[in-house]
Amino acid sequence: MMILASAAPMCYFTLMDILHTVQHLTVPESIGYGTIVHVILVLVIVFHLLRRPGDARTSLLWIIFVTAFPILGPLAYLFLGVNTATQKAWQKQTSDRSFRRRRLRSATHDQEGAASSSLSSMLARRNMFQTCVTGPVAAQLDHVLARLAPDDALLGGNNIQILDKAEDALETMFLALQAATSHIHLTTYIFNDDAVGKRLMEVLVERARAGVTVRVLYDAFGSAGASLRGFFWRRRNVPNLQIVGFTQADILKRKFQLNLRNHRKILIIDGTIGFIGGGNFHAVYLRKSDRPSIIDYHFQVTGPILSELQYTFLRDWFYMTDTPVETLLHPVHFPLLIRMGNCVARLQNSSPTRDEADAARNMFFAAMSLAQKQILIVTPYFVPPETLIVALCQAAFRGVDVKIVVPSENNHWTIRLASRALYTSLLIAGVRIFERKPPFIHAKAMVVDSAIAFIGSANLDPRSLVFNYETNLVVFDAAFAERLKRVIHDDLMASEEIVYAKWRKRPKWKQVLENFFALFHPIA
């Protein structure tokens, strides 16, 4: 008893000492100023995410990421956060609407108030080529597309040629560039400082010195290597040659969006011939003795739809430069539209701007939901959102023949793993998945019911469907769709089909790895 009695005061005084010490702890000794700053940043980001409705999974991933990584997380959200994409701070939305208003005003009146014969006649001629499509699937799909992009008309009289050999596509474009007499308008994601890029630059410089107006809009992220090496800077003083990097990351202007990239691939020469598709100007498209070139689909376009591609380029150029609207909307850029073929096509732009947000995703969803017979898809990066996964599964349940061609080897290995995590539900539904054997296939295309083709720059991944500026053409022409089907079929025959009975037996560690990377594909 005496021992216990003597121990009690000792415990009492020890506890009092601890409480006294805690009362005198300063903030840095307890949680630290860094912790307080981190908590404040997390709360600010959470508040920013909850300001407007968004994808719950994406928001939760960002909250987890910024909480787990005190410095990296908030910085990543600042530069890459999807929910900051539509902020008016970067002003692309305002620029696009301003350019459209000036176009309509210029087409109606000139400075004296008289009718402007140039643009008004161009728009009148454009209206002559407006048409409609028949058939339940085509008519309903075009109705959806018209709602998504009311300013882009469905135009007939086009000729669209498939350039399915990437190296041949480059040669075709080089020949067209060398024949330019008025202007060259080029927007591309990758303009590389290699054999292809140097050859392209030589042609552009030669044409510019010959008096041709050359405007080049490259993506500052995709072409960062060439830009950092001064590839474009060294040509800054060439007369008639303007080279501009598209970026929405400018700290001085409070633009932090590294994630918003111009992924369009548009080349327009003299307003009479154009090119669109998935190809960049990169030496990976050249065949070498030790390796084959990568596979891509590109397309040559002539006809009335070219004016819509031209307008898309000029709208982006207006945003990135101080070029007057009157200069860009000059009649020289919109020559007389004439019938070149039988293809009916509609331009479909998509971007993070409010007017075009989710346009590509809604386009694909509508096409997949309306398909009655067949869906053929080729894409290098297959990590679509849940809505498109459901649409594909539902199509297969309806009896639609759904085939998807993806590369067996990818230049982004994390995307390949995330993509494979999505196979199971699709295979169970009856979707057939084919992995194309090397070389890497970078092509993007979709054919619905052997009658409607989707071509352009958009991939089936979050970057293309949410972040990027993309341009596609929806072609309502059975003959063109059949030609594209034959090209896809060649790649399908060079692929290995994923069989579910075998797929489900793959090692558990592969499944875990695939599912891990699939967690992050909405924000990666």
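Conventions used here
Residues numbered from 1 in each chain as written. Predicted model: local features only at pLDDT ≥ 70, side-chain atom pairs only at ≥ 80, totals over all residues. Heavy atoms only, no water. Phe/Tyr/Trp six-rings, centres within 6.5 Å; stacked < 30°, edge-to-face > 60°. Helix = DSSP H or I, 4+ residues; strand = E, 2+ residues; numbered from the N terminus. Buried < 20%, exposed > 50% of the residue type's maximum accessible area, 1.4 Å probe, protein only. Patch = residues over 30% accessible without salt bridge, like charges linked within 9 Å, V, L, I, M, F, W, Y side chains within 5 Å. Areas by Shrake-Rupley, 256 points an atom, 1.4 Å probe, with all protein chains shown as cover. Salt bridge = Lys/Arg side-chain N within 4 Å of Asp/Glu carboxyl O. Axes fitted to C-alpha atoms, helices over the stretch in contact; angles between N-to-C directions. Parallel < 35°, antiparallel > 145°, perpendicular 65-115°, else oblique. Left-handed = near helix turned anticlockwise from the far one by under 90°. Contact = heavy atoms within 4.5 Å. Nonpolar A, V, L, I, M, F, W, Y, C, P; charged D, E, K, R; others polar. 1 Å grid on protein atoms, 1.4 Å probe; cavity = no way out; pocket = protein on both sides within 12 Å on 5 of 7 lines; lining within 4 Å. Points joined across faces, edges and corners; volume = space filled by probe spheres on them. pLDDT = per-residue confidence, 0-100.

Trainee: Hey, could you go over the packing of aromatic side chains for me, with residue numbers and the actual values?
Mentor: Per the counting criterion, the structure on display carries 17 aromatic pairs. Taking the centre distance of 4.0 Å and the plane angle of 20 degrees together, the rings of Tyr-218 and Phe-232 count as stacked. With a gap of 14 residues between them, Tyr-218 in strand 3 (residues 213-219) and Phe-232 in the loop between helix 11 (224-228) and strand 4 (241-246) connect regions that are remote in the sequence. By the burial criterion, Tyr-218 is buried, and Phe-232 matches it. Note on Phe-364 and Phe-454: the rings are 6.2 Å apart at their centroids and 40 degrees apart in plane angle, and the pair reads as tilted. You can see Phe-364 sitting in helix 14 (residues 359-370) and its partner Phe-454 sitting in strand 15 (residues 452-456), a full 90 residues away along the chain. Across this residue pair, the class does not change: Phe-364 and Phe-454 are buried. Connected via pairs of aromatic rings, a cluster forms that spans Phe-191, Tyr-218, Phe-231 and Phe-232.

Trainee: Requested: an account of a nonpolar patch on the surface, with residues and values cited.
Mentor: A contiguous nonpolar surface patch, about 380 Å² in accessible area, is contributed by Tyr-33, Ile-36, Ile-40 and Val-44. Note that Ile-40 resides in helix 3 (residues 32-50).

Trainee: Let's hear about the packing of helix 8 (residues 136-148) against helix 14: which residues, and what values?
Mentor: At their nearest, the axes of helix 8 and helix 14 sit 10 Å apart, and the two run at 165 degrees to each other. When the axes of helix 8 and helix 14 are compared, the pair comes out roughly antiparallel. Where helix 8 crosses over helix 14, the two elements pack in a sense that is right-handed. In this structure, helix 8 contributes Val-137, Gln-140, Leu-141, Val-144, Leu-145 and Leu-148 to the contact, and helix 14 contributes Ala-359, Asn-362, Met-363, Ala-366, Ala-367 and Leu-370. Looking at the contact of helix 8 with helix 14, its residues break down into 10 nonpolar, 2 polar and no charged.

Trainee: Please set out the layout of surface pockets residue by residue, giving values where relevant.
Mentor: Left-over empty space is what a probe sized like a water molecule reveals as it rolls over the atoms. Size it by volume and the second largest pocket reaches roughly 760 Å³. Lining the second largest pocket are 31 residues, and of these Tyr-189, Tyr-381, Asn-411, His-412 and Arg-463 sit closest to its centre. Breaking the lining of the second largest pocket down by element, the ones donating at least two residues are helix 16 (413-420), helix 18 (462-467) and helix 21 (508-520). Considering only residue class, the lining of the second largest pocket consists of 16 nonpolar, 12 polar and 3 charged.

Trainee: Explain the confidence of the model for the protein to me, using residue names and the numbers behind them.
Mentor: Of the residues in the protein, 85% reach a pLDDT of 70 or more, and the chain-wide mean stands at 86. Here residues 83-89 is a poorly scored stretch, pLDDT under 50, and it has 21 contacts once near neighbours within four places are set aside; other chains count. Here residues 110-117 is a poorly scored stretch, pLDDT under 50, and it has 10 contacts once near neighbours within four places are set aside; other chains count.

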